[in-house]
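Survey of secondary and tertiary structure
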Amino acid sequence: MLSPKKRRGLTFAALSAVSMLMLSGCGSQIAVLHPEGPVAQKEFNLIVWSFVLMAFVGIVVFGLFAYMLIKYRASRPGIEKTYDPNIEGNTKLEVTWTVIPVLIVIALAIPTVQTTYALKDPPASAHDPIEVDVTSADWKWIFQYPAQHIETVNYLVIPAGVPVKFMLTSVGPMNTFWVPELGGMEFTMPGADLGLWLEADKPGVYLGRGANFSGKGFAHMQFNVYSKTQTQFNQWVSTVKSKYPALTMNEATYLVKHQGLSPIMTFSSYPAASVAQNQNTQMGM
């Protein structure tokens, strides 16, 4: 039979082992902790500030909790003479525990509001932004490049170091467009165009996904974002225009209305009425 002290020790060791096992999953696999663009970097800084502030609050709270447990433990000799459980009317204490939470909320709210409004504008860049119209369907992602007049399905190519204005809509259930390494998510909703600015700092491949459950094919709504140099991006556009077929209206209608998965596809052009886009009503872009 183990003594109470040994049981507490084993319990603490078991909890520590479980915590270490769970925390071992944290690291390079958490994309939001590895920002690869100015938008993601601003959001990462906000996450770090919020975590540090909350960690400080947690340390102080649990520190005071432990201090009270030890100082006013029932086994302490003479504790009944110094401890008054019915203490009340201490103005200084009441003001202190009222003001401190207000200061914590202000410390969180100010940088959050500043970052949120800053993300409504394009990242500072020497290059002109490009636009990509994004449509979520059952269960695929459709990307249209209005300036280049090309369309891709389930993959995206962008130039590195160039702000990208995504205009998001849906022809199926509401979803969420998310490329964690490049920035936060935004909803795609039928009948609405929502805007999102993203930018990749350097060439690379980033995983994008739908982050809002939209049916049985939801798990397959993932896509790669290929960030290329401006020269490589221009070459890719030229290749698409010269080697890939144009999207017909019948194909576009099938692509939008067919409830099923779709392979990666590329089209050198698309009909103007293939999907409802460019309303630009929500962000005033």
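Refer to the preceding data block for the structure.
Here is what the cut-offs are and how they apply
- Residues numbered from 1 in each chain as written.
- Predicted model: local features only at pLDDT ≥ 70, side-chain atom pairs only at ≥ 80, totals over all residues.
- Heavy atoms only, no water.
- Helix = DSSP H or I, 4+ residues; strand = E, 2+ residues; numbered from the N terminus.
- Rg over C-alpha atoms; globule rule 2.2 N^0.38 Å.
- Buried < 20%, exposed > 50% of the residue type's maximum accessible area, 1.4 Å probe, protein only.
- Contact = heavy atoms within 4.5 Å.
- Areas by Shrake-Rupley, 256 points an atom, 1.4 Å probe, with all protein chains shown as cover.
- Lys, Arg positive; Asp, Glu negative; His and termini not counted.
- Salt bridge = Lys/Arg side-chain N within 4 Å of Asp/Glu carboxyl O.
- Polar contact = N/O pair within 3.5 Å; in protein donor to acceptor, adjacent residues only side chain to side chain.
- Pairing = 2+ DSSP bridges.
- Axes fitted to C-alpha atoms, helices over the stretch in contact; angles between N-to-C directions.
- Phe/Tyr/Trp six-rings, centres within 6.5 Å; stacked < 30°, edge-to-face > 60°.

**Digging into the overall build of the chain**
A tally of helices and strands in the chain yields six helices and eleven strands. Scaling as 2.2 N^0.38, a compact globule of 285 residues should have a C-alpha radius of gyration of about 19 Å, whereas the chain reaches 27 Å, well beyond that. Dimensions of the chain, computed from the C-alpha atoms along their principal axes, are close to 90 × 50 × 35 Å. Put simply, the chain has 285 residues, and 34% of those count as buried. Restricting the contact set of the chain to residue pairs at least 6 apart, pairs at least 24 apart contribute 70%. Split by element, the accessible area of the chain, about 17,100 Å² in all, is 65% carbon and sulfur.

**Here's the deal with the side chain of Lys140**
Mapped onto the elements, Lys140 comes out in strand β2 (residues 140-145). Buried and without a salt bridge, Lys140 has Asp138 as its closest oppositely charged side chain, separated by 7.2 Å. A distance of 2.6 Å separates the side chain of Lys140 from the backbone oxygen of Asp138, its partner in a polar contact. Once you skip the residues sitting within four places of it in the chain, Lys140 turns out to touch Thr135, Val153, Asn154, Met221, Leu255, His258, Gly260 and Ser262.

**What about the side chain of Thr188?**
In this structure, Thr188 sits in strand β7 (residues 186-188). Assessed through its relative accessible area of 0%, Thr188 is described here as buried. Reaching out from Thr188, the side chain makes a polar contact with the side chain of Ser136 at a distance of 2.8 Å. Not counting the four nearest positions on each side in its chain, Thr188 is found in contact with Ser136, Trp141, Leu168, Thr169, Ser170, Pro173, Met174, Asn175, Thr176 and Phe177.

**Points about the sheet that holds strand β4 (residues 155-159)**
Pairing between sheet strands relies on hydrogen bonds along the backbone, with the strands arranged either parallel or antiparallel. Strand order in this open sheet of five strands is β4-β10-β9-β6-β7, and the pairing throughout is mixed. Where the open sheet ends on each side, the last strands, each with one partner, are β4 and β7. Strand-to-strand twist in this sheet, taken as the mean axis angle between neighbours without regard to direction, amounts to 25 degrees. Alignment of strand β6 (residues 175-178) against strand β9 (residues 204-210), held across two bridges, turns out to be antiparallel. Along β9, the bridge assignment pairs Trp178 with Arg209. Strands β4 and β10 (222-228) of the sheet are contacted by helix α5 (residues 230-243), whose axis makes an angle of about 135 degrees with β4.

**Section: the packing of aromatic side chains**
In this structure the tally under the stated criterion is twelve aromatic pairs. A ring pair is formed by Phe143 and Phe177, whose centres lie 6.5 Å apart and whose planes are at 70 degrees; its orientation type is edge-to-face. In this pair, Phe143 sits in strand β2 while Phe177 sits in strand β6, placing the two residues 34 residues apart along the sequence. No difference in accessibility class separates Phe143 from Phe177, as the two residues are buried.

**Remarks on the pairing of strand β8 (residues 194-198)**
Across the five residues that make up β8, a large majority, five, are buried. Taking every second residue as pointing to the same face, both faces of β8 are buried, with Leu194, Leu196 and Leu198 on one and Gly195 and Trp197 on the other. As judged from the five bridges shared by strand β5 (residues 164-170) and β8, these two strands associate in the antiparallel manner. Residue pairing across strands places Val164 opposite Leu198, the latter belonging to β8.

**As for the pattern of salt bridges**
Applying the stated criterion across every chain, the model contains two salt bridges. Across the pair Glu36 and Lys202 runs a salt bridge whose closest N-O atoms are separated by 3.6 Å. Here the residue Glu36 occupies a position in the loop between α1 (4-23) and α2 (38-71), and Lys202 occupies one in the loop between β8 and β9, the gap between them amounting to 166 residues. Of the charged contacts, one joins Glu131 and Lys165 as a salt bridge, the two residues approaching to 3.4 Å between their closest N and O atoms. Note that Glu131 is positioned in strand β1 (residues 130-137) and Lys165 in strand β5, a separation of 34 residues in sequence. Here Glu131 matches Lys165 in class, with each residue buried.

**As for the sheet that holds β8**
Read from one edge of the open sheet, six strands run β8-β5-β1-β2-β3-β11, paired in mixed fashion. Edge positions in the sheet fall to β8 and β11 (265-267), since each has one partner strand and no second. In this sheet, adjacent strand axes meet at a mean angle of 20 degrees when their direction is disregarded. Of the strands in this sheet, β1, β2, β3 (150-153) and β11 touch α5, which is tilted by about 95 degrees from β3. Of the strands in this sheet, β1, β2, β3 and β11 touch helix α6 (residues 249-257), which is tilted by about 140 degrees from β2.

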